Protein chains: 2
Amino acid sequence: MSTTSSQQCSIVAGGAGFIGRTLVEELLSQGRRVVVIDNFSRGRREHLSAFLSRHELTIIQADLSSRSQCEAAFESATGSYSVDEVWHLAANSDIPAGVENPDIDFKDTFQTTYELLRSMRRHGIGIFNFASSSAIYGDLGATTLREDIGPLFPISNYGAMKLASEAQASAAAEGFLNRLNIFRFPNVVGVPATHGVILDFVNKLAKTPEVLHVLGDGTQQKSYLHVSDLVAAMMVVRAKQADAKIEVVNIGPCDEGVTVKWIAEQVVARVSPGARIAFGSGNRGWVGDVPKFIYSTTRIQSYGWSPAMGSEAAILRAIDQIALQQKL
Amino acid sequence: MSTTSSQQCSIVAGGAGFIGRTLVEELLSQGRRVVVIDNFSRGRREHLSAFLSRHELTIIQADLSSRSQCEAAFESATGSYSVDEVWHLAANSDIPAGVENPDIDFKDTFQTTYELLRSMRRHGIGIFNFASSSAIYGDLGATTLREDIGPLFPISNYGAMKLASEAQASAAAEGFLNRLNIFRFPNVVGVPATHGVILDFVNKLAKTPEVLHVLGDGTQQKSYLHVSDLVAAMMVVRAKQADAKIEVVNIGPCDEGVTVKWIAEQVVARVSPGARIAFGSGNRGWVGDVPKFIYSTTRIQSYGWSPAMGSEAAILRAIDQIALQQKL
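Everything numeric in this text was worked out from a predicted model, so none of it was measured. (Residues numbered from 1 in each chain as written. Chains lettered and ligands numbered in written order. Predicted model: local features only at pLDDT ≥ 70, side-chain atom pairs only at ≥ 80, totals over all residues. Heavy atoms only, no water.)

Check the secondary structure of chain A and you find 10 helices and 15 strands. In terms of principal-axis extent, the alpha carbons of chain A reach across some 60 × 45 × 40 Å. Put simply, chain A has 328 residues, and 59% of those count as buried. Within chain A, contacts between residues separated by at least 24 positions form 80% of all contacts whose residues are at least 6 apart in sequence. As presented, chain A carries roughly 12,300 Å² of accessible surface, and 49% of it is formed by carbon and sulfur atoms. The average position of the 30 basic charges and that of the 33 acidic charges among the side chains of chain A differ by 3 Å. (Helix = DSSP H or I, 4+ residues; strand = E, 2+ residues; numbered from the N terminus. Buried < 20%, exposed > 50% of the residue type's maximum accessible area, 1.4 Å probe, protein only. Contact = heavy atoms within 4.5 Å. Areas by Shrake-Rupley, 256 points an atom, 1.4 Å probe, with all protein chains shown as cover. Lys, Arg positive; Asp, Glu negative; His and termini not counted. Charge placed at Lys NZ, Arg CZ, Asp CG, Glu CD.)

This paragraph deals with the interface of chain A and chain B. Buried accessible area, meaning the area lost when the parts come together, often serves as the stated size of an interface. Of the residues lining the interface, 35 residues belong to chain A; the matching set on chain B comes to 34 residues. Between chain A and chain B the total buried area reaches about 3,000 Å² when both faces are included, carbon and sulfur atoms providing 57% of it. For the pair chain A and chain B, the number of links is two salt bridges. For Arg67 of chain B, the salt bridge goes to Asp103 of chain A, with nearest N and O atoms at 2.8 Å. At the boundary of chain A and chain B, one finds 20 residue pairs in polar contact (both at pLDDT 80 or more). (Buried area = accessible area lost by both parts, 1.4 Å probe. Salt bridge = Lys/Arg side-chain N within 4 Å of Asp/Glu carboxyl O. Polar contact = N/O pair within 3.5 Å; in protein donor to acceptor, adjacent residues only side chain to side chain.)

The next subject is the packing of aromatic side chains. The description of two aromatic rings rests on the distance between their centres and on the angle between their planes. Residues and elements named next belong to chain A. Applying the stated criterion across every chain, the model contains 14 aromatic pairs over all chains. Centre to centre, the rings of Phe110 and Tyr114 are 6.2 Å apart; their planes meet at 50°, and the pair counts as tilted. Here Tyr114 and Phe110 lie together in helix α4 (residues 103–123), a separation of four residues that amounts to about one turn. Residue Phe110 is classed as buried on the basis of its relative accessible area of 0%. Residue classification places Tyr114 among the buried positions, given a relative accessible area of 3%. (Phe/Tyr/Trp six-rings, centres within 6.5 Å; stacked < 30°, edge-to-face > 60°.)

One finds Phe110 and Tyr137 of chain A together with Phe110 and Tyr137 of chain B to be the most contacted residues of the largest nonpolar core, which totals 36 residues. The set of elements that each furnish at least two residues to this core consists of α4 and α5 (157–175) of chain A together with α4 (102–123) and α5 (157–175) of chain B. Excluding residues within four positions of it along the chain, Tyr137 of chain B makes contact with Leu145, Arg146, Glu147, Ile149, Pro151, Leu152, Phe153, Arg184, Asn250 and Tyr295 of chain B. (Core = buried A, V, L, I, M, F, W, Y, C linked by side-chain atoms within 4.5 Å.)

Bringing the relation of the copies chain A and chain B into the picture now. Expressed as a screw operation, the relation of chain A to chain B combines 0.0 Å of axial shift with a rotation of 180°, fitting to an RMSD of 0.0 Å. Taken together, these values place the two copies in the relation of a two-fold axis. The rotation axis passes nearest to the C-alpha of Ala164 of chain A in chain A, at a distance of 2.0 Å. Of the interface residues in chain A, 97% have counterparts in chain B that sit at the interface too, so the contact is made through matching surfaces. (Least-squares fit on C-alpha atoms with pLDDT ≥ 70 in both.)

Okay, the environment of Gly15 of chain B next. Residues and elements named next belong to chain B. Positionally, Gly15 belongs in the loop between β1 (8–13) and α1 (18–29). Sequence spacing of Gly15 and Glu115 is 100 residues, and the spatial spacing of their C-alpha atoms is 16 Å. Non-local contacts of Gly15, meaning those with residues more than four positions away in its chain, are made with Gly20, Arg21, Val24, Val36, Ile37, Asp38 and Leu48.

The peptide bond linking Val191 of chain A to Pro192 of chain A adopts the cis configuration, its omega dihedral lying at 0°. Structurally, Pro192 of chain A can be placed in the loop between β8 (187–189) and α6 (197–207). Here the bond from Gly150 of chain B into Pro151 of chain B is cis, since omega is -5°, no more than 30 degrees from zero. Along the polypeptide, Pro151 of chain B turns up in the loop between β6 (144–145) and α5. The backbone of Phe40 of chain A sits at a positive phi, close to 55°, despite the residue not being glycine. As for its position among the elements, Phe40 of chain A is in the loop between β2 (33–38) and β3 (57–61).

Adjacent strands of a sheet form backbone hydrogen bonds with each other and so pair up, either parallel or antiparallel. All names here are of chain A. Taken together, the seven strands give an open sheet; going across it, the order is β3-β2-β1-β4-β5-β7-β12, and neighbouring strands pair in parallel fashion. Looking along the sheet, the strands with just one partner apiece sit at the ends: β3 and β12 (246–250). On average, each strand axis in the sheet is inclined to that of its neighbour by 15°, with strand direction left out of account. Summarising the sheet, strand β7 (residues 179–185) and β12 pair through five bridges and their orientation is parallel. Note that in β12 the partner of Ile182 across the bridge is Val248. (Pairing = 2+ DSSP bridges. Axes fitted to C-alpha atoms, helices over the stretch in contact; angles between N-to-C directions.)

Given below as structure tokens:
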């Protein structure tokens, strides 16, 4: 291992998931060693297929909400490599399922954070990059969501356990962390798509090409970020000279987003032209969904980042990518 | 049980602790039935000795962080009585211990909340009164701590798990709660004292009457609330006609507080006149302590409440009460 002994290593929790794939590619391109830890409940090994032959990539299967499995994974990673940072992308990604059964987010969204931080403390790893969410803000109506507003009243167990994770990481920053980067982002699109509105629509149309049934009345409006822009933003924050131990940044497009109706129309045009779109009622697709919000990205823009794609461009690109992924 | 069948019942989690005693007395005086659930790790049955002969009071020993014990306690309470609200006062109260070992606050401060809410959902109980803390704000320096500020970066695992609890309760309010009252308060004093600076000083002087060793340089300044004022404030919030499902209020005195040095001098004067006071260094007594903060109580005052005692009066009264409690 002498050739790699000085190579800095990143642990990426949930690295076989949707965002993980793009992050792992970026970290490898920076000349880093990467240890992905994933339980493969939602992540898949083939998401990383492009990098499986790279000796700089190690994949460990472990459920990070389990203390023994988390510790074993860290023992293995730190025993072989010089780990200086952890990226935490592991979480439940099915918000309605978590609303139905809170144990899902307790375990997958929060306990993973808790055990990761515990192992980081034991192994003296000082940099924690945490994928939080716009869901921590809850439904504040017309209030612009800035990083410094309150109160924070999440409306889903997912949002609650993301906020709990931020809180636990914050206490860890007071204790042993050298740097805590908290990334709060809303809907992210791209491939490999494992969930989300576009994949849902594409799959529905594959089954019934003549009609697309949409939950809600289609007026829900949200902003969307492409995963490539998200990872670029994370790198800008990570590279920033720290004034404080904790950096918290909203990451999102600089527009007011698009409606579900518009997305449905674009998906239909791309994969099943002429299909009828049938809307439901109400402007919330599911419990725990925040129908509309205004997301401030002033802070991350002041760091010199802006997204290459706005919501419309991100959605259009993702529809193309997901249609290809689904072989349509 | 026909005489009590229409009597509304409050579950008080942690009701055998410091604040529990005063709250239980208040609820009984309102003609309510009260079921105290406590694991007696820090609470003590004798704290409720004045009410043990009252048939309206039931005490159940259970560890609420345990799913099976929490559920069994709720089965018992709801099987016998008409429970319409839960007060949650159960938590770790030793912040430094929780900083040393995060599992303490994970279990005692957060998991208790999580299991209580789960049982409330199962048993259709719609009102949750939660004892949160000023610790959720973290150390924001000169920023006035209002209910609507952010970001919330607690510096202790205690503060982190109180914030996690608020978050989980908030998601429950979106789901099944009818009303969520969140009380954020700083240092509370009074009897039965189980922890805190006054009891600590009194006990130290009982051992070494000639000298009082103080952690830190004594310049830490904090505001203190007497437990009687706290419970009165909680009742004002609970009685308020709700505009929203969630009420979050800071509760505290309307002054900038007193220094540790001043408290030390008052304790010496009361229990060991002439004792020398020896200060340490630094203005943080222990990890996780917020040295100084400015606490906004504008909201609770707008509801018509103000404390009968300011910080000085609360401390002086508590010193008297605690000296008597310790038979000095």
